[in-house]
Amino acid sequence: MPTADLVITGAHVRTLDPERPYASAVAVRDGLIAAVGAAADVRDWRGPGTEVVDLGGGRLVPGLVDGHSHPVRGLDLATGLDLTAVRDLEELRAALTSAPRTDGWVLGHGLDHNVFAGRPIDRALVEDVLAGAPAFLRLYDGHSALVSGAALKAAGITGPRTFAQRSHLAVDATGRLSGHLVEHAAMDLVTPVLPRPSYAERRARLVELLSAMAATGLTGAHVMDLGDLDLVRAVADESPLPLRLRFAPWCMPGADADDLAELVALQGRGGRHWQVGGVKLFMDGTVEGGTAWLDHPDRHGQGTDAFWPDPAGYSSAVRALHRAGVRTATHAIGDAAVRHVLDTVASLGPGGRLAHRVEHIESVPDDLVARFAQVGVIASMQPPHTGFTRADLRDEWSVRLGEERALRAWRLRDLRDAGAVVALGSDWPIAPYDARAVLATARTPRGAASSRAGLTALQSLEGCTSHAALASGEADITGRIAVGYRADLTALGVDPVEAPADEVGEAPVFLTVTGGHVVHRGPERG
């Protein structure tokens, strides 16, 4: 009889396998689950080279997966001064006054729209404390930035531009550039002149980041961009990645047949613990930026345009990718955007069921909630985003939408109760990557969503395991602890189904196993 590489005993195992829901021991060989049962069932799997871990009563569940993350691209997005704790304009100005310079630049990320208290986002509010330095400050939504006049000059930007996608350089009433860059194409004008860490620095940061993610119990992430595959390959060739990464490259407006063919050709490319699988598209932007596609304008008169100037072009791209067997994930926040994606997938017929997904889904009416299950579209949502809103609806997101739409915030439970598959994630670096916080916040949504019921504890766990597996089309090889499935495992100090949400959010992580490799060991037990 072959021997196992790893045997875990002394565990309360919640398998999410309907054939055997509970167990106390697991054996792992060649990256796969070899046996599941009691201690006697794994005894014969032990050999001289077998590592044996006694969890001492720890709770073992299928490996937690972040259903929406940017761990490679995020290395560039989350650079410079962390502005997530800044709450008002005075604090922002104070932070920028003492901010360190990187090659002469002031860089920052995580800036909350609410800092501006309803004012137009304008470089004039901060330029006097920058002492002439070029500055690039990312707003927390990742879809906009505030830059100084010196940064505009460095990038050669002297006036508004026209873009193929919904993107713009904001101006004030006089036509002066305000420094507010809205959406990717606008920000990309400045990106080439920004300071960039060295390859060695980025490589070290990637290893450090993935290890920190694994320390929260994560064994995988659905990466919603292409990232830097050469960097990923180099790290993976040296040692197993702590997280299993599944990349979905972007398909942007204007993509032609050649562009689509390139995206199709990328599918399946990969290595140890990483693979390209799927394509990411955008149907709109963000509520706070005024670029979410809504059925009716927001309170600023914005939000009536799709990210693709010709929405039919989006539908054509999805149909072409579907014919090629490629799964898609579409960023759609507003009700009009979500409706267009649902209509597009419905046009694919029965073959489109559970092959395509919508990312974010921040405010939708009842009829769209019901259609997710009817059409078979997967809902991919990020519970930590609710923390950017306020229960009194005085935040920028809620004010722009108005009370009726704000109270439809993040309908996680409604979607599950309607029969939809709901995968959960963080959207790091937009929100913290801690898997335990994702589980906890899904059960107790914050801000504008706090008046709505959250997911049950079991639904929350499924969102990071079995439903994440459905979202990636891998439900036959991952998402449960069963013989033949991937040996991706998370051991916590509490049962995420039985423990209160706040305890889950702070639970010790005893062990994280990815592909049979122990990638994180927590505190000693006993």
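Please read these numbers as outputs of a predicted model, since none were measured by experiment.

Definitions and cut-offs
- Residues numbered from 1 in each chain as written.
- Predicted model: local features only at pLDDT ≥ 70, side-chain atom pairs only at ≥ 80, totals over all residues.
- Heavy atoms only, no water.
- Salt bridge = Lys/Arg side-chain N within 4 Å of Asp/Glu carboxyl O.
- Helix = DSSP H or I, 4+ residues; strand = E, 2+ residues; numbered from the N terminus.
- Buried < 20%, exposed > 50% of the residue type's maximum accessible area, 1.4 Å probe, protein only.
- Polar contact = N/O pair within 3.5 Å; in protein donor to acceptor, adjacent residues only side chain to side chain.
- Contact = heavy atoms within 4.5 Å.
- Patch = residues over 30% accessible without salt bridge, like charges linked within 9 Å, V, L, I, M, F, W, Y side chains within 5 Å.
- Areas by Shrake-Rupley, 256 points an atom, 1.4 Å probe, with all protein chains shown as cover.
- Lys, Arg positive; Asp, Glu negative; His and termini not counted.
- Charge placed at Lys NZ, Arg CZ, Asp CG, Glu CD.

(A) Structural detail: the pattern of salt bridges. Scanning all chains against the criterion turns up 31 salt bridges. The salt bridge involving E51 is made with R521; its shortest N-O contact spans 2.5 Å. Of this pair, E51 sits in strand β6 (residues 51-54) while R521 sits in strand β27 (residues 517-521); the two residues are 470 residues apart in sequence, bridging distant segments of the chain. On the basis of relative accessibility, which here comes to 29%, the residue E51 falls in the partly exposed class. Between D367 and R339 there is a salt bridge, with its nearest N and O atoms 3.7 Å apart. Taken together, the residues D367 in helix α11 (residues 366-375) and R339 in helix α10 (residues 335-346) connect sequence positions 28 residues apart. Salt bridges linked by common partners bring D76, R196, R202 and D228 together as one network.

(B) Local environment of the side chain of T441. With respect to the element layout, T441 can be found in helix α15 (residues 435-443). When its relative accessible area of 3% is taken as the criterion, T441 is described as buried. A polar atom in the side chain of T441 sits 2.7 Å from the backbone oxygen of A437. Residues contacting T441, with those up to four places away along its chain left out, are P383, P384, T386 and R446.

(C) Quick look at a negative patch on the surface. A cluster of acidic side chains, namely D256, D258, D259 and E262, defines a negative patch on the protein surface. Structurally, the position occupied by D258 is in helix α8 (residues 257-266). Judged by its relative accessible area of 58%, D258 is exposed.

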